[in-house]
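Close look at the chain arrangement
Chain by chain, the residues run as shown.
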Amino acid sequence: MDVEDVEELFRDSSFEQIVEDIKSMRIRGAGRIGRAAAWGLRQNILSTEGHDDEGYSRGYEYNYSAAETLYDTRPTAVSLANALLFVLKGLQTDPDQMVTFKDFKQRTSSLALDFNELSINAVDTIALNGKELVPDGGVVQTICNSTAVVQTLIAAHKEGKDFLVRAAETRPRYQGRITARQLVEAGIRVELCVDNAIRHHFSDVDLVLVGADTVCKSGELFNKIGTSNLAAIAKDHGVPFYTCAEWYKISTEAESLADVEVEERASSEVIPDDELHQDIKVRNPAFDATKPDLISGIITDEGIIQPGEARELIKKHFGTWKISGFIGPDD
Ligand code: RUB
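Summary of the structure given here. (Residues numbered from 1 in each chain as written. Predicted model: local features only at pLDDT ≥ 70, side-chain atom pairs only at ≥ 80, totals over all residues. Heavy atoms only, no water.)

1. Some remarks on the site of the ligand
Near the ligand, the surroundings consist of 19 residues, among which Arg 28, Gly 31, Ser 146, Asp 213 and Lys 224 are the closest. A distance of 2.8 Å is found between an oxygen atom of the ligand and a backbone nitrogen or oxygen belonging to Thr 147. Asn 223 places a polar side-chain atom, nitrogen or oxygen, 2.7 Å from an oxygen atom of the ligand. For the ligand, whose unbound accessible area comes to 460 Å², protein coverage reaches 99%. Broken down by secondary-structure element, the contributors of at least two residues to the shell around the ligand are α3 (30-46), α7 (147-158) and β6 (221-224). (Near = heavy atom within 4 Å. Polar contact = N/O pair within 3.5 Å; in protein donor to acceptor, adjacent residues only side chain to side chain. Areas by Shrake-Rupley, 256 points an atom, 1.4 Å probe, with all protein chains shown as cover. Helix = DSSP H or I, 4+ residues; strand = E, 2+ residues; numbered from the N terminus.)

Following this line, the structure appears as structure tokens:
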């Protein structure tokens, strides 16, 4: 992958802009957040005036401080932490390649590029693995907007399968509308429904496909708010429920739901400030947890696995490395 292949959405953005864009959700979706975070480290170090006599320990300091800032932008999706870990770990395991500050910049830059490449390739592989599950002539229910889910459905469509996708609109940010548009533009039949209508229409659904923000080591899934309701409906109807998750969506640290911080976003996403009664407290969690027993499988870039296998998959990639070994997530 060359620099030109990196997503336009953040390729030329400054570190500060990337931080702001993740916070405001201009950059959103767990995979993209991870890619942008790795790129943010690159943009930060490239714009830093470092002198060779400062050595690379100074480079680490710049990177750690940038990583802390990026880490705090959105707390739930572990793709962000794992993208940072990928770069920081890569720098630490290759000290021989970094004699000067310039070397350090180059190495950070190439690791950010590597993460972007592996992340894009992972989505392509998930699509290949997942398209086999899409029922020809059937109905697929989705929620929110996941690049991995959309690409899986597009791959099945390209293979000649004819199916209907029912996309839940996903209040309060309506990312389901993005899914509906992306799929219809790819030539797939789409229905859009409000989240509360999912159960009403569910009797014709054959498959549920959702994305993933974090998969705990125990296989518990965090994804967009409403996902756990959808999983319960699927279970009631005996319909398979799969999540599409690149390996780096598995947490190196969170054992189960108690270990994951669920982002609560602004009340104005739910109700305009001028319509909000002063005595009403608005709750606006962005994600919820789905228990492993409701999950038929996790479609990863390394095959379709059971929730109980998540632990081994992340261990295979990161061993005992953890983001908390580099920055203080609890600060
Ligand atoms: C997006 C969301 C998506 C996952 C996976 O939430 O929950 O299902 O992030 O997406 P938000 P992808 O809009 O709040 O970021 O497959 O694109 O990584």
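Next comes the rest of the account.
2. Remarks on the pairing of β6
Note: strand β5 (residues 214-215) against β6, two bridges, orientation antiparallel. Note that in β6 the partner of Val 215 across the bridge is Leu 221. Adjacent in sequence and paired antiparallel, β5 and β6 are bridged by five residues, among which Gly 219 carries a positive phi angle near 95°. In terms of strand pairing, β6 meets strand β8 (residues 287-290) through four bridges, oriented antiparallel. Its bridge partner being in β8, Lys 224 is matched across the sheet by Phe 287. (Pairing = 2+ DSSP bridges.)

3. As for the pairing of strand β4 (residues 207-210)
With burial as the criterion, each face of β4 is covered, one bearing Leu 207 and Leu 209 and the other bearing Val 208 and Val 210. Both strand β1 (residues 139-143) and β4 contribute to a ladder of two bridges, which runs parallel. For Gln 141, the partnering residue across the bridge sits in β4 and is Val 208. Direction of pairing for β4 relative to strand β7 (residues 241-244): parallel, over a ladder of three bridges. Bridge pairing in β7 places Leu 209 opposite Tyr 242. (Buried < 20%, exposed > 50% of the residue type's maximum accessible area, 1.4 Å probe, protein only.)

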